[in-house]
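# Structure at a glance
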Amino acid sequence: MSAVSKDKKRITTHVLKEMKENGEKISMLTAYDYSMAMILDEAGIDVLLVGDSASNVMAGHETTLPITLDQMIYHASSVVRGVKKALVVVDLPFGSYQSNPDKALESAVRIMKESGAHAVKLEGGEEVAESIIRILGAGIPVMGHLGLIPQSIYKFGTYTVRAKGAEEARKLKKDAKLLEKLGCFGIVLEKIPAKLGKAVTQQIGIPTIGIGGGRHTDGQVLVTHDLLGITKEFNPRFLRRYMNLFSGIKKAVGLYIKDVKSNDFPSTEEQY
Ligand code: KIV
């Protein structure tokens, strides 16, 4: 309770709603570990997402499907320990909520109890409505995720832009309104036309956070490893890289190896 009610600086779901109402953009990034979470929090990020993209960037899987609830809880609890201000949202992993509201509630409760995070995120609209209702009924804030939903990659067959056609766009708008009506506090809109991102953002009262959703959404999210250039093969149009850490780290490690091999490191000053 005290973290929510006493610390005025802490970002809550209510603060995000106010930000939308005031036209202040929301910044969100992924985090999977304590050290990175601490840096991003100190930099002033509004929301940290413990994304199931950990399956890709931390574990090296091709998709987000293999990551387990236990693994998500491990990542989330590490992130929570590094954060003083940001809202920490955790992805419910594939298989932990779909088509089974009891299981969805159980998974969300485990995340909240065992990690200390502030909210959960799940993918889909009408199909997962019952699960959302159950989780919200337990007082757990829920964020939705529409458009490209990577947990359904084998259904879509491709990672290309979603909802370009009228029918899929109509369903996405309907799902966004439903998520708002159910009580979700925000929605991630992934890889959809900017025009649709704008329309959805205008039609609902809860914040939209885009990743490839155009410049009109209420906020933006990126995978931190992509922004920092730790990953290098992934180059979608929506990605802006702010660093090239892959080559920076490689260069630093190369120098370290050279110094070790040449016995330059440690020097007499660097020993006891
Ligand atoms: O898992 C993740 O990182 C995500 C973002 C891409 C929104 O869901």
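Residues numbered from 1 in each chain as written. Predicted model: local features only at pLDDT ≥ 70, side-chain atom pairs only at ≥ 80, totals over all residues. Heavy atoms only, no water.

## With respect to a nonpolar patch on the surface
- Together, Ile249, Val253, Tyr256, Ile257, Val260 and Phe265 make up an exposed nonpolar region whose accessible area comes to about 510 Å².
- By relative accessible area, which is 37% here, valine 260 ends up partly exposed. (Patch = residues over 30% accessible without salt bridge, like charges linked within 9 Å, V, L, I, M, F, W, Y side chains within 5 Å. Areas by Shrake-Rupley, 256 points an atom, 1.4 Å probe, with all protein chains shown as cover. Salt bridge = Lys/Arg side-chain N within 4 Å of Asp/Glu carboxyl O. Buried < 20%, exposed > 50% of the residue type's maximum accessible area, 1.4 Å probe, protein only.)

## Quick look at the nonpolar core
- Core analysis: the biggest nonpolar cluster contains 53 residues, and Leu48 and Ile135 have the highest contact counts within it.
- Here the element with the most residues in this core is helix α5 (residues 69-81); it accounts for six residues.
- Residues contacting isoleucine 135, with those up to four places away along its chain left out, are Leu92, Ala104, Leu105, Ala108, Val120, Leu122, Ile140 and Val142.
- Residues Ile11, Leu16, Val47 and Ala119 belong to the second largest nonpolar core, which totals 16 residues. (Core = buried A, V, L, I, M, F, W, Y, C linked by side-chain atoms within 4.5 Å. Helix = DSSP H or I, 4+ residues; strand = E, 2+ residues; numbered from the N terminus. Contact = heavy atoms within 4.5 Å.)

## Examining the sheet that holds strand β3 (residues 87-91)
- Strand order in the closed barrel formed by eight strands is β1-β2-β3-β4-β5-β6-β7-β8, and the pairing between neighbours is parallel. On average, adjacent strands in this sheet sit at an angle of 25° to one another, irrespective of strand direction.
- When strand β4 (residues 119-121) meets strand β5 (residues 142-147), the two strands line up parallel, connected through two bridges. The residue bridging valine 120 from the neighbouring strand is valine 142, located in β5. (Pairing = 2+ DSSP bridges. Axes fitted to C-alpha atoms, helices over the stretch in contact; angles between N-to-C directions.)

## What to know about the packing of helix α9 (residues 166-182) against helix α10 (residues 194-203)
- It is the contact of α9 with α10, at a shortest axis distance of 10 Å, that shows an interaxial angle of 30°. By the angle between their axes, α9 is roughly parallel relative to α10. The handedness of the crossing between α9 and α10 is right-handed. Along its contact with α9, which presents Ala169, Leu172, Lys173, Ala176, Lys177 and Glu180, the element α10 presents Leu196, Ala199, Val200 and Gln203.
- Here the residues of the contact of α9 with α10 are counted per class, giving six nonpolar, one polar and three charged. (Parallel < 35°, antiparallel > 145°, perpendicular 65-115°, else oblique. Left-handed = near helix turned anticlockwise from the far one by under 90°. Nonpolar A, V, L, I, M, F, W, Y, C, P; charged D, E, K, R; others polar.)

## A word on the site of the ligand
- In the vicinity of the ligand, the contacting residues are Thr30, Leu49, Gly51, Asp52, Ser53, Asp91, Lys121, His145, Val188, Glu190, Ile211 and Val223.
- A distance of 3.0 Å is found between an oxygen atom of the ligand and a side-chain nitrogen or oxygen belonging to aspartate 52.
- Between the ligand and lysine 121 there is a distance of 3.0 Å, counted from an oxygen atom to a side-chain nitrogen or oxygen.
- Out of a free accessible area of 260 Å², the ligand has 95% covered by protein chains. (Near = heavy atom within 4 Å. Polar contact = N/O pair within 3.5 Å; in protein donor to acceptor, adjacent residues only side chain to side chain.)

## Overview of the pairing of β5
- Across the six residues that make up β5, a large majority, six, are buried.
- Read from β4 through helix α7 (residues 129-137) to β5, the crossover connection turns out right-handed. (Right-handed = clockwise from strand over helix to strand, strands pointing away.)

## A few points about the domain arrangement of the protein
- According to the domain assignment, the protein consists of domain 1 (13-241) and domain 2 (246-272).
- The gap between the C-alpha centroids of domain 1 and domain 2 is 40 Å. (Domains from an automatic or database assignment.)

## Digging into α7
- Those residues of α7 that sit buried are Ala129, Ser131, Ile132 and Ile135. Relative to the axis of α7, the buried residues are bounded by an arc of 160° and lie together on one face. Of the exposed residues in α7, the ones pointing more than 90 degrees away from its buried face are Glu130 and Gly137.
- Structurally, α7 contributes buried residues whose contacts are with α6 (101-115), β4, β5 and α9. (Arc of directions from axis to C-beta.)

## Focus: α9
- Compared with the 24 Å implied by 1.5 Å per residue over 17 residues, the 24 Å span of α9 between its first and last C-alpha is a close match.
- For α9, the complete set of buried residues consists of Ala169, Leu172, Asp175, Ala176 and Leu179. For α9, the arc enclosing every buried residue in end-on projection is 120°, short of the 170-degree limit, so these residues lie on one face. Opposite the buried face of α9, by more than 90 degrees, sit the exposed residues Ala166, Glu167, Arg170, Lys174 and Lys181.
- Buried residues belonging to α9 abut α7, β5, β6 (186-190) and α10.
- Looking one or two residues beyond α9, the residue adopting positive phi is glycine 183, at roughly 120°. (Expected span 1.5 Å × (residues − 1).)

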